Amino acid sequence: MRLLSISIIIIIVANICGCSVGPDYAPPQVLDFDYADLLSDEAQQPLTTESLTQWWQTLNDPLLTELIHEGLEGSLDLKNAHASIREVRARLGIARAGLLPQLDSTGQYNHNRTSANMTPEVEQPSLIKSAAQTAFQNAVNSSVRDALGMGNNQTQSSSGSSAASGVNQSTPLEGDYYQAGFDATWEIDIFGGTRRSVQAAGADLLAQEENLNSVRVSLAAEIALSYVDVRTAQRRLAVALENLTTQQGTLEILESRQKTGLSDELAVQQARYNLERTRSTIPGIRTDLERAMNSLAVLTGVMPGTLHSRLEEKTPIPTGTLKTVTGIPADTLRQRPDVRVIERQLMAQTARVGVATADLYPKLYLLGSIGWESLNESKLFSSHSLAWSLGPRISWPIFHGGSIRANIEVQNAVLEQLVIQYEKAVLQAAQEVRDALVAYAQEQQRRETLIKAVEAAQTAVDISQDKYKNGLTDFNNVLDAQRSLLSFQGDLAISEGTVTGNLVRLYKALGGGWQAIESAGGE
């Protein structure tokens, strides 16, 4: 009872005086970013948290929305991220278990036989031996036999017979030992080393969850970009086929005119190489289309070729309704999942500095055991076989060659690196947003210019063909106009896809989408 009372007092004092050594986490401070020089003053709907959450809805393409949600369910990257979360959550459970007592059941059986050379010899009693010498020799024999697993009765009997017979006692000893019970160990976390470990594991779990959100954001954006690539390639292919049809008609007309003497061979050959030049671009476009479709299939977690039937129907390149960006929500960059990943890693590493610091201080353990011990199997669980122990143990490092303080320095250096990585991540996020804003605005201007160029090229084709038919110009003007029209139409198709792609990249740079994805396709 005295040991139990002492242990209870130790636990109460430890819980009252317990503290967690090491630094406490504080969110890092970063500079604010202003995009006023890139934002429009037009009366357009600004970007809001809500619009970022459902950004793909602004593209007004139901099939794209379906594919994004299918990707959130079937993507292998997301499945891998979910498995990583389960791993880290289990590690948190391991860390929390360190706060609780550990109880183990034990059982043991030994059959021992000692060496004859390890048994002390008992000489024949001499007449000159005193009674004290004989008693001392018997005590030695009894102690040795007890240590080797022999009972007191056996010891006395053997000792007595040895003394009586006067024969040297050098025979080996054998015996059985039975034990069963429970052992308990509990570290009283006085200086918070274990609690800091739990904090670190919890922050690791938060970081892994943010990594999952980052995968979601990237996945939604990559699906949208691949879908835009599919529609862009289809539009480019349609433009090439339309021009191929037109140029085929022109060649047939020239061949007919040549037969009647109204055209020469030069015009026919010029029309033919113009036609074949257009035809040569089609295989490359089909390759780009196939690559984009296969990429989209992999992103959604299905075999390449599976989505072809759903994408065969030609639809326009999706375009966002937001032409200008008039505002960006505050703290948007800090809400990006990839930035939040590093912030959670900072939190975990701060706790690990505390774990390393706690190694400088003593550790207090409460140890206890209860069970049964016997040399006789039938008497193992009798009341006389009960044995127990209870008491504290203190461990305090005295000399470890400076390794403990060196480990603290290691953890502090890692913490400093993460602070720098966090600042760099925020700067890179700001760069991505600015790059996307500029690219989105400038590509819109380029598209408007290409629309005018296509209109002018189409007019030039019509005029040059009329003049050629009336003999007012040679066929070179017709060829130049047709080549220019094909080039401008292809550039316009690419530009339309780029505008939408830059808008998707802007939403991705702002970290949009993971909130809605989490509620729709989360764990």
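Keep in mind the model is a prediction, meaning the values are calculated, not measured.

Colleague: Can you help me understand the overall build of the chain in this one?
Modeller: When helices and strands are counted, the chain shows 13 helices and 4 strands. In the chain, 86% of the contacts between residues at least 6 apart in sequence involve partners at least 24 apart. Total accessible area on the chain stands at roughly 28,600 Å², and carbon and sulfur atoms take up 55% of it.

Colleague: It is not clear to me how helix H4 (residues 76-97) should be interpreted in this structure. Could you clarify?
Modeller: When the terminal C-alpha atoms of H4 are compared, their 32 Å separation across 22 residues agrees well with the 32 Å that a helix rising 1.5 Å per residue should span. Looking at H4, one finds that the buried residues are Leu78, Ala81, His82, Ser84, Ile85, Val88, Leu92 and Ala95. In an axial view of H4, the angular spread of the buried residues amounts to 160°, which keeps them on one side of the axis. Set apart from the buried face of H4 by more than 90 degrees, the exposed residues are Leu76, Asn80, Arg86, Arg91 and Ile94. The secondary structure elements touched by the buried residues of H4 are helix H3 (62-74) and helix H7 (193-259). One side-chain oxygen of the residue at the start of H4 lies 3.3 Å from the amide nitrogen of aspartate 77, identifying that residue as serine 75.

Colleague: What am I meant to see in unusual backbone geometry here?
Modeller: A positive phi angle, near 55°, is found at asparagine 60, a position not held by glycine. Its place among the elements puts asparagine 60 in the loop between helix H2 (49-53) and H3.

Colleague: Would you mind going over the pattern of salt bridges with me for this structure?
Modeller: Any two side chains of opposite charge can pair, on the condition that their charged atoms come close. The tally for this structure, following the rule as stated, stands at 21 salt bridges. A salt bridge links arginine 272 to glutamate 255; the shortest N-O distance between them is 2.6 Å. You can see arginine 272 sitting in helix H8 (residues 265-299) and its partner glutamate 255 sitting in helix H7, a full 17 residues away along the chain. Taking the relative accessible area as the measure of exposure, arginine 272 reaches 28% and is therefore partly exposed. The partner of arginine 483 in a salt bridge is aspartate 480, with the nearest N and O atoms 2.5 Å apart. Remark: aspartate 480 and arginine 483 occur in helix H12 (residues 475-509); sequence separation between them is 3 residues, near one turn of the helix. Given the relative accessible area of 25%, arginine 483 is considered partly exposed. Residue class for aspartate 480 comes out partly exposed when judged on its relative accessible area of 37%.

Colleague: What should I look at first to understand the packing of H7 against helix H10 (residues 337-358) in this one?
Modeller: Where H7 contacts H10, the axes come no closer than 8 Å and their chain directions differ by 165°. Between H7 and H10, the interaxial angle falls into the category roughly antiparallel. H7 and H10 meet at a crossing whose hand is left-handed. Here the residues of the contact of H7 with H10 sort into 12 nonpolar, 8 polar and 7 charged.

Colleague: Teacher, can you tell me more about the sheet that holds strand S2 (residues 174-188) here?
Modeller: Remark on secondary structure: sheet strands pair via backbone hydrogen bonds, oriented parallel or antiparallel. Taking strand neighbours across the sheet as the criterion, the 4 strands line up as S1-S2-S3-S4 in an open arrangement whose pairing is antiparallel. In this open sheet, the two edge strands, each paired with only one partner strand, are strand S1 (102-113) and strand S4 (386-395). Across this sheet, the average inter-strand angle for adjacent strands is 20°, counted without regard to direction. Of the strand pairs in this sheet, S2 and strand S3 (residues 363-374) are connected by 11 bridges, and their pairing is antiparallel. Bridge pairing links aspartate 183 to serine 369 in S3.

Colleague: Can you walk me through the confidence of the model for the chain in this structure?
Modeller: Keep in mind that low pLDDT regions are not for reading the predicted coordinates in detail. Overall, the predicted model of the chain reaches an average pLDDT of 82, with 78% of residues at or above 70. Under a pLDDT of 50 for its full length, residues 147-168 has, in the predicted model, 35 contacts with residues more than four places off or in other chains. Note on residues 516-523: pLDDT under 50 across the span, and 19 contacts to partners over four residues away in sequence or across chains.

Colleague: Explain the environment of phenylalanine 182 here, please?
Modeller: Inspection of the secondary structure assignment puts phenylalanine 182 in strand S2. On the accessibility criterion, phenylalanine 182 (41% relative accessible area) is partly exposed. A C-alpha to C-alpha distance of 6.8 Å links phenylalanine 182 and leucine 103, two positions 79 residues apart in sequence. Contacts of phenylalanine 182, omitting those with residues within four sequence positions, involve Leu103, Asp104, Ser105, Thr106, Gly368, Ser369 and Ile370.

Colleague: Explain the packing of aromatic side chains here, please?
Modeller: The relative placement of two aromatic rings is captured by the distance of their centres and the angle of their planes. Across all of its chains, the model carries 6 aromatic pairs by this definition. Ring centres 5.5 Å apart and planes at 75° place the aromatic pair tryptophan 55 and tryptophan 56 in the edge-to-face group. Note on tyrosine 109 and tyrosine 178: the rings are 5.0 Å apart at their centroids and 35° apart in plane angle, and the pair reads as tilted. Pair noted here: tyrosine 109 is in strand S1 and tyrosine 178 is in strand S2, with a separation of 69 residues, a long-range link. For tyrosine 109, a relative accessible area of 46% gives the class partly exposed. Members of the aromatic cluster, each reached through a chain of ring pairs, are Trp55, Trp56 and Tyr507.

Criteria and cut-off values
- Residues numbered from 1 in each chain as written.
- Predicted model: local features only at pLDDT ≥ 70, side-chain atom pairs only at ≥ 80, totals over all residues.
- Heavy atoms only, no water.
- Helix = DSSP H or I, 4+ residues; strand = E, 2+ residues; numbered from the N terminus.
- Contact = heavy atoms within 4.5 Å.
- Areas by Shrake-Rupley, 256 points an atom, 1.4 Å probe, with all protein chains shown as cover.
- Expected span 1.5 Å × (residues − 1).
- Buried < 20%, exposed > 50% of the residue type's maximum accessible area, 1.4 Å probe, protein only.
- Arc of directions from axis to C-beta.
- Polar contact = N/O pair within 3.5 Å; in protein donor to acceptor, adjacent residues only side chain to side chain.
- Salt bridge = Lys/Arg side-chain N within 4 Å of Asp/Glu carboxyl O.
- Axes fitted to C-alpha atoms, helices over the stretch in contact; angles between N-to-C directions.
- Parallel < 35°, antiparallel > 145°, perpendicular 65-115°, else oblique.
- Left-handed = near helix turned anticlockwise from the far one by under 90°.
- Nonpolar A, V, L, I, M, F, W, Y, C, P; charged D, E, K, R; others polar.
- Pairing = 2+ DSSP bridges.
- pLDDT = per-residue confidence, 0-100.
- Phe/Tyr/Trp six-rings, centres within 6.5 Å; stacked < 30°, edge-to-face > 60°.

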